[in-house]
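Residues per chain, in single letters:
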Amino acid sequence: MATDIKDTAHAVEAATLMKLLPAARPRLLALGEPTHGEDTLLDLRNELFRQLVEQEGYRTIAIESDCLMGLVVDDYVTSGTGTLDEVMERGFSHGWGASAANRELVRWMRAHNDGRPASERLRFAGFDGPLEITAAASPRQALTALHGYLSTWVDADLLPCTGEALDRLLGADDRWTDPAAMTEPARSVGRSAEAAQLRLLADDLVALLESQMPHLTEVSSADEWDRARLYGSTATGLLRYHHWMADTSPARMTRLCAQRDVMMAQNLIALAERGRTFVHAHNSHLQRPKSSMRMWEGRVEWWGAGALVSAELGEEYAFVATALGTIPHQGVDTPPPDTVEGLLYALPEDRSLVDPKRLTTTTLGGTPPAPRLSPWFGYAPLDPAHLTACDGVVFVKDVPQS
């Protein structure tokens, strides 16, 4: 080896991580994971977030969960609205509410905020759209919330439509949420006459929101304004997503994947405007190189949220990838020694933080590490070609069953 792998590894600590980053305390610090549903990785996330809060001034955590549902969690951690059980049931998508690690995160944030002034409270955000890989939500919640906000503060003559007109055009929600539409474009209502009219109205509502900004930021609270912007971007994004669900061209899945990450990126940039934010999601959403996935229609490639945000924020965006050794309960065994994971598996510690620039000099007899192949579809190994686009790599040696 050109470099002893042990010389590149450090404890996974916020202070050490900051030394690897191109900019001190970036506005968005993203930690990716190569698989979902493992509390070992979420426990690590929680501990790192605590350190970032206590040592580096971070106040918000954003996870790969429905941005509108996340408002339920934020209300609870900031003001105690609801109960912990209710929040875990109603505040998360993707099944994240069943995670013990997510429950502990919410409990700790609420306890931390208790008795603190608003300026010192921690905030929670989901930054994914109201989307799943098999379905998308109705735009009803976002559209009606935006219309309701504007109706409260803006002259009714300026509104492009009434709430009743929106309700009539939206129709039954199950028209929008039919899971069959993901594989059968003809089942989607995204290109119906009603959907086309809703896209125009959503655009007009967002334009009205922007044109009334001086007035609205004076008469409503900062949180109300932020949420109105979120409702607007979510409504327009969802309607665009539904439009492409009805597409029959070969580019359909590329457009859908790209639209999801555009919505993610918009939400992250809005959070960055508010303050330093710690982000957690799949590596594929947060990496700087193009993302890819093999689906029923073949291989799909698109620019993920991390790539989009990095292009806009530059060094104010930092990305740390997580790599792992084994997931025994999913058939992911000891990595081959000529892979990145295999090199890191030789480390004695269970968790390590590695400088990827140092790691790229660690080769096997002058040969770069080989790509690792996963026997399980739910785990994506770290692509050695992406190392130079990472600001750090966290390695977790073994992932026991949650």
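Criteria and thresholds
- Residues numbered from 1 in each chain as written.
- Predicted model: local features only at pLDDT ≥ 70, side-chain atom pairs only at ≥ 80, totals over all residues.
- Heavy atoms only, no water.
- Phe/Tyr/Trp six-rings, centres within 6.5 Å; stacked < 30°, edge-to-face > 60°.
- Helix = DSSP H or I, 4+ residues; strand = E, 2+ residues; numbered from the N terminus.
- Buried < 20%, exposed > 50% of the residue type's maximum accessible area, 1.4 Å probe, protein only.
- Lys NZ or Arg CZ within 6 Å of the ring centre and 35° of its normal.
- Pairing = 2+ DSSP bridges.
- Polar contact = N/O pair within 3.5 Å; in protein donor to acceptor, adjacent residues only side chain to side chain.
- Axes fitted to C-alpha atoms, helices over the stretch in contact; angles between N-to-C directions.
- Parallel < 35°, antiparallel > 145°, perpendicular 65-115°, else oblique.
- Contact = heavy atoms within 4.5 Å.
- Nonpolar A, V, L, I, M, F, W, Y, C, P; charged D, E, K, R; others polar.
- Salt bridge = Lys/Arg side-chain N within 4 Å of Asp/Glu carboxyl O.
- Core = buried A, V, L, I, M, F, W, Y, C linked by side-chain atoms within 4.5 Å.
- Arc of directions from axis to C-beta.

The name that an unreviewed UniProt entry assigns to the protein is Erythromycin esterase family protein, with the source organism given as Streptomyces muensis.

Q: Can you walk me through the packing of aromatic side chains in this structure?
A: For any two aromatic rings, the description comes down to two numbers: the centre-to-centre distance and the angle of the planes. As enumerated under the stated definition, the model contains 4 aromatic pairs in all. A ring pair is formed by Phe 49 and Phe 278, whose centres lie 6.1 Å apart and whose planes are at 5°; its orientation type is stacked. Of the two residues, Phe 49 is situated in helix α2 (residues 39-56) and Phe 278 in strand β7 (residues 277-282); the sequence distance between them amounts to 229 residues. Side by side, Phe 49 and Phe 278 carry an identical accessibility label, which is buried. An aromatic cluster is built from Phe 49, Trp 108 and Phe 278, whose rings are joined through pairwise contacts. Its guanidinium or amino end placed over the ring of Trp 108, Arg 50 lies 5.4 Å from that ring's centre, counting from NZ or CZ. Positioned over the ring face of Tyr 345 is Lys 397, at 5.2 Å from the centre of the ring.

Q: I keep staring at the sheet that holds β7 and nothing clicks. Help me out?
A: Sheet strands pair via backbone hydrogen bonds, and the direction of the pair is either parallel or antiparallel. Spatial strand order, β1-β11-β12-β10-β2-β7-β3-β4: 8 strands in an open sheet with mixed pairing. Only two strands of the sheet have a single partner each, and these edge strands are β1 (9-10) and β4 (123-128). Judged from the 6 bridges that link them, strand β10 (residues 317-326) and strand β12 (residues 392-398) form a sheet pairing that is parallel. Across the sheet, residue Ala 323 finds its bridge partner in β12, namely Phe 395.

Q: What should I look at first to understand the environment of Asp 85 in this one?
A: Secondary-structure assignment places Asp 85 in helix α4 (residues 84-90). C-alpha separation for the pair Asp 85 and Leu 28, spaced 57 residues apart in sequence, amounts to 29 Å. For Asp 85, the side chain forms a polar contact with the side chain of Arg 103, separated by 2.6 Å.

Q: Sorry if this is basic, but what is going on with the packing of helix α6 (residues 140-153) against helix α7 (residues 163-170) here?
A: What describes two packed helices is the angle between their axes and the distance between those same axes. Orientation of α6 relative to α7, taken along the N-to-C sense of each, is 170°, at an axis distance of 10 Å. As summarised for this structure, α6 and α7 are arranged roughly antiparallel, according to the angle between their axes. Across the interface between the two elements, Arg 140, Leu 143, Thr 144 and His 147 from α6 touch Gly 163, Leu 166, Asp 167 and Leu 170 from α7. By residue class, the composition of the contact of α6 with α7 is 3 nonpolar, 3 polar and 2 charged.

Q: What's the story with helix α13 (residues 305-313) in this structure? I'm lost.
A: Helical periodicity: at 3.6 residues per turn, an α-helix aligns residues three or four positions apart in one direction. The set of residues buried in α13 consists of Ala 305, Gly 306, Ala 307, Val 309 and Ser 310. Where α13 is buried, its residues touch β2 (28-33), α11 (252-274), α12 (283-286) and β10. Immediately beyond the C-terminal end of α13, within one or two residues, lies Gly 314, with a positive phi of roughly 60°.

Q: Help me understand the pattern of salt bridges, please; the structure alone is not making it clear to me.
A: When charged atoms on two side chains of opposite charge get close, those side chains can pair. Evaluated as defined, the whole model comprises 23 salt bridges. Across the pair Arg 103 and Asp 85 runs a salt bridge whose closest N-O atoms are separated by 2.6 Å. Placement of the pair is Arg 103 in helix α5 (residues 100-113) and Asp 85 in helix α4, with a sequence separation of 18 residues. Take Arg 103: its relative accessible area is 33%, and that puts it in the partly exposed class. One network of salt bridges, with partners in common, ties together Asp 74, Asp 75, Arg 123, Asp 223 and Arg 227.

Q: Looking at this structure, how should I read unusual backbone geometry?
A: Glycine aside, a negative phi is what most residues show, and trans is what most peptide bonds show. Phi is positive for Arg 25, close to 45°, though the residue is something other than glycine. Within the secondary structure, Arg 25 sits in the loop between α1 (14-20) and β2. A positive phi is found at His 94, a non-glycine position, where the angle reads about 60°. Tracing the sequence through the fold places His 94 in the loop between α4 and α5. Of the residues examined, His 94 reaches a relative accessible area of 25% and is grouped as partly exposed.

Q: Teacher, can you tell me more about the nonpolar core here?
A: As a rule of thumb, soluble globular proteins bury nonpolar side chains together. Ranked by internal contacts, the top residues of the largest apolar core, which has 44 residues, are Leu 29, Phe 49, Val 106, Met 109 and Phe 124. When residues of this core are assigned to their parent elements, the largest contribution, 6 residues, is made by α2.

Q: What's the story with the side chain of Ser 310 in this structure? I'm lost.
A: The residue Ser 310 is located in helix α13 in this model. Polar contacts involving the side chain of Ser 310 include one to the side chain of Arg 288, which spans 3.1 Å. Those residues in contact with Ser 310 that sit more than four places away from it in its chain are Arg 288 and Tyr 317.

Q: Before we go on, may I ask you to explain the pairing of β12 in this structure?
A: Residues in a regular strand point their side chains to alternate faces of the sheet. Taking burial as the measure, the 7 residues of β12 include 6 buried ones, the bulk of the element. The sheet contact formed by strand β11 (residues 351-354) and β12 spans 4 bridges and is antiparallel. Its bridge partner being in β12, Leu 353 is matched across the sheet by Val 394.

Q: Explain α7 here, please?
A: Taken as a whole, α7 has its buried residues at Ala 165, Leu 166, Leu 169 and Leu 170. An end-on view of α7 places all buried positions within 130° of arc, on one side of the element. Exposed side chains of α7 directed beyond 90 degrees from the buried face belong to Glu 164 and Arg 168. Lining the buried residues of α7 we find α6 and α8 (193-211). Count one or two residues on from α7 and you reach Gly 171, which has phi positive near 65°.

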